[in-house]
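# What the coordinates show
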Amino acid sequence: MTSEDVVGKTTLTIANMAEEAKIASEGVKAPSRQTLLGICKSLVAGGVAGGVSRTAVAPLERLKILLQVQNPHAIKYNGTIQGLKYIWRTEGFRGLFKGNGTNCARIVPNSAVKFFSYEEASKGILWLYRQQPGNEDAELTPLLRLGAGACAGIIAMSATYPMDLARGRITVQTDKSSTQYRGMVHALTTVLREEGPRALYKGWLPSVIGVIPYVGLNFAVYESLKDYLVKSRPFGLVEDKELSVTTKLACGAIAGTAGQTVAYPLDVIRRRMQMVGWKHAASVVTGEGKSKSTLEYTGMIDAFRKTVRYEGVGALYKGLVPNSVKVVPSIAIAFVTYEVVKDVLKVEMRISD
């Protein structure tokens, strides 16, 4: 999705803590009353979770993007194993992590905003829901979590979208590219100078549409699974109302798989639209002049139409295999890292008190 990500890569990126769920069930205050200390804790935990999870799967993330945008008439990457071997052979070990620094620079604030936005949106939505007659003791439902997750994904994605565009271009450029982006700042300033301010948000619309089911389903599925396991306690997975790290990993993996499968075609379109107008595009995108189809799109619908027309419906799922392989550990690691970091910060704060 959207991936990227999704993703959210990102997106996404992404859990409401068991602690927060308890608070929500006991009584919710207006989001504006969140203490500064709690805000900092959520932002730090979310940022660390995003950076750790993306670095762990960086080679698969880069290969996914290369498969999404490569020219169908100049194929270089034929699959997950072959693609990783090709990158290793032609670009070395560093090639596997190309763009990861930029990705982390994007995903850390993205993940921080996403986690914090979800917690605040879930509390705010529940608070508003409880204002309705007969809902005074209501709890968060999967539908409400879906809405909170969608809000969090849109806010985080919109706030960091130019960084995602820059990351995408840096990721696909090769040593043979006529002009190299030297980093996040150079890429953003170059795009701004050569293509104008609007270019920084190319592909934003499919990203917004895709982030709703992607991030929304991530949150809804993850939280619903946790609630179900805590209440039903199947197979002895729950002890003292707490899930083990392994069980949380499994819940995160299932949530990530559900979200990315639904939103993936929109992620492909987003990534392709981000490459439009890049006159120094890498040979992997332009096909070294061998392209039989235009790289210009007038909008999201046109991008869908041309992609399907020239490459078939299957093109909308290019890179799905490496994305599926990476999304499981990526989302799962993000969820668990977030919870662990928040627990560590909680302990440290108690000690300092």
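Residues numbered from 1 in each chain as written. Predicted model: local features only at pLDDT ≥ 70, side-chain atom pairs only at ≥ 80, totals over all residues. Heavy atoms only, no water.

It is worth spelling out the overall build of the protein chain at this point. Along the protein chain, the regular secondary structure elements total 12 helices and 3 strands. Every one of the 353 residues in the protein chain was classed for burial, and the buried ones make up 54%. (Helix = DSSP H or I, 4+ residues; strand = E, 2+ residues; numbered from the N terminus. Buried < 20%, exposed > 50% of the residue type's maximum accessible area, 1.4 Å probe, protein only.)

Taken together, the side chains of Tyr-201, Trp-204, Leu-205 and Ile-209 define a hydrophobic patch exposed on the protein surface, amounting to about 350 Å² of accessible area. With respect to the secondary-structure elements, Ile-209 resides in helix α8 (residues 204-232). Overall, Ile-209 belongs to the partly exposed group, its relative accessible area being 35%. (Patch = residues over 30% accessible without salt bridge, like charges linked within 9 Å, V, L, I, M, F, W, Y side chains within 5 Å. Areas by Shrake-Rupley, 256 points an atom, 1.4 Å probe, with all protein chains shown as cover. Salt bridge = Lys/Arg side-chain N within 4 Å of Asp/Glu carboxyl O.)

What follows deals with the confidence of the model for the protein chain. In this model, the protein chain carries a mean pLDDT of 76, and residues with pLDDT of at least 70 account for 78%. Scored below 50 in pLDDT, residues 1-34 makes 143 contacts in the model with residues more than four places away or belonging to other chains. With pLDDT under 50 throughout, residues 289-294 is counted as low confidence; its partners more than four residues away or in other chains account for 8 contacts. (pLDDT = per-residue confidence, 0-100. Contact = heavy atoms within 4.5 Å.)

Take the packing of helix α3 (residues 58-69) against helix α4 (residues 80-96) next. Relative to each other, α3 and α4 sit at 115°, their axes nearing to 10 Å. Classified by the interaxial angle, the pair formed by α3 and α4 is roughly perpendicular. Note that α3 runs across α4; the crossing there is right-handed. Residue-level inspection shows Ala-58, Pro-59, Leu-60, Arg-62, Leu-63 and Leu-66 of α3 in contact with α4, the latter providing Thr-80, Gly-83, Leu-84, Ile-87, Glu-91, Gly-95 and Leu-96. Residue classes in the contact of α3 with α4 are distributed as 8 nonpolar, 3 polar and 2 charged. (Axes fitted to C-alpha atoms, helices over the stretch in contact; angles between N-to-C directions. Parallel < 35°, antiparallel > 145°, perpendicular 65-115°, else oblique. Left-handed = near helix turned anticlockwise from the far one by under 90°. Nonpolar A, V, L, I, M, F, W, Y, C, P; charged D, E, K, R; others polar.)

The next point concerns the packing of aromatic side chains. All told, the structure shown has 5 aromatic pairs when counted by the stated rule. Between Tyr-77 and Tyr-86 the ring centres are 5.3 Å apart and the planes differ by 85°, which places this aromatic pair in the edge-to-face class. Relative to Phe-93, the ring of Trp-88 has its centre 6.1 Å away and its plane inclined at 85°; by these criteria the two rings are edge-to-face. Three or more aromatic residues link up through ring pairs in this structure, and these residues are Trp-88, Phe-93 and Phe-97. (Phe/Tyr/Trp six-rings, centres within 6.5 Å; stacked < 30°, edge-to-face > 60°.)

For the second largest cavity, the calculated volume is near 60 Å³. Lining the second largest cavity, in full, are Ala-58, Glu-61, Arg-62, Leu-96, Phe-97, Lys-98, Gly-99, Asn-100, Asn-103, Arg-167 and Thr-171. Secondary structure elements with two or more residues in the lining of the second largest cavity: α3, α5 (100-129) and α6 (142-172). Residue contributions to the lining of the second largest cavity peak at 3 residues, all from α3. Partitioned by chemical class, the residues of the lining of the second largest cavity number 3 nonpolar, 4 polar and 4 charged. (1 Å grid on protein atoms, 1.4 Å probe; cavity = no way out; pocket = protein on both sides within 12 Å on 5 of 7 lines; lining within 4 Å. Points joined across faces, edges and corners; volume = space filled by probe spheres on them.)

Turning our attention to α5. Relative to the 44 Å expected for 30 residues at 1.5 Å per residue, α5 spans 41 Å between its end C-alpha atoms, a close match to the ideal helical length. If you look at α5, its biggest bend is around 25°, right at Ile-107, and the proline Pro-109 turns up within four residues after that. Counting buried positions along α5 yields 21 of 30 residues, so the element is predominantly enclosed. (Expected span 1.5 Å × (residues − 1). Bend = angle between axes of the 7 residues up to and from the residue.)

Further remarks concern helix α9 (residues 245-275). With 31 residues, α9 should reach 45 Å at 1.5 Å per residue; the first-to-last C-alpha distance of 39 Å falls well below that figure. Along α9, the sharpest change in direction is near 55° and occurs at Ala-263; proline Pro-265 comes one to four residues later. Downstream of α9 by one or two residues, Gly-277 has phi in the positive range, about 90°.

Right, let's talk about the pattern of salt bridges for a bit. Inspection of the entire model under this criterion finds 17 salt bridges. Residue Glu-91 pairs with Lys-98 through a salt bridge whose shortest N-O separation is 3.0 Å. We note a salt bridge from Arg-270 to Asp-164, for which the minimum N-O separation is 2.9 Å. You can see Arg-270 sitting in helix α9 and its partner Asp-164 sitting in helix α6, a full 106 residues away along the chain. Look at Arg-270 and you get buried, because its relative accessible area is 2%. Here the salt bridges share partners, and the residues they tie into one network are Glu-61, Lys-64, Asp-164, Arg-167, Asp-267, Arg-270, Arg-271 and Lys-326.

A few words now on the side chain of Arg-272. For Arg-272, the position within the fold is in helix α9. The buried category is assigned to Arg-272, whose relative accessible area is 7%. Among the polar contacts made by the side chain of Arg-272, one reaches the main-chain carbonyl oxygen of Gln-68 at a distance of 2.8 Å. Here the side chain of Arg-272 touches Glu-311 through a polar contact of 2.6 Å, side chain to side chain. Here Arg-272 is in contact with Gln-68, Val-69, Gln-70, Tyr-297, Thr-307, Glu-311 and Lys-318, once residues within four sequence places are set aside. (Polar contact = N/O pair within 3.5 Å; in protein donor to acceptor, adjacent residues only side chain to side chain.)

For the rest of this paragraph, the subject is the nonpolar core. Ranked by size, the top nonpolar core spans 20 residues in total, and within it Tyr-77, Ile-87, Val-172, Tyr-181 and Val-191 carry the most contacts. Ignoring sequence-local partners within four residues, the contact set of Val-191 consists of Leu-165, Arg-169, Tyr-181, Gly-196, Ala-199 and Leu-200. Listed in part, the 9 residues of the second largest apolar core include Tyr-214, Leu-229, Ala-255 and Ile-331. (Core = buried A, V, L, I, M, F, W, Y, C linked by side-chain atoms within 4.5 Å.)

Turning to the environment of Ser-111, a few remarks are in order. By the element assignment, Ser-111 lies in helix α5. Taking C-alpha positions, Ser-111 is 8.9 Å from Ala-45, a pair spaced 66 residues apart along the chain. Filtering out sequence-adjacent residues up to four positions away, Ser-111 remains in contact with Gly-46 and Gly-50.

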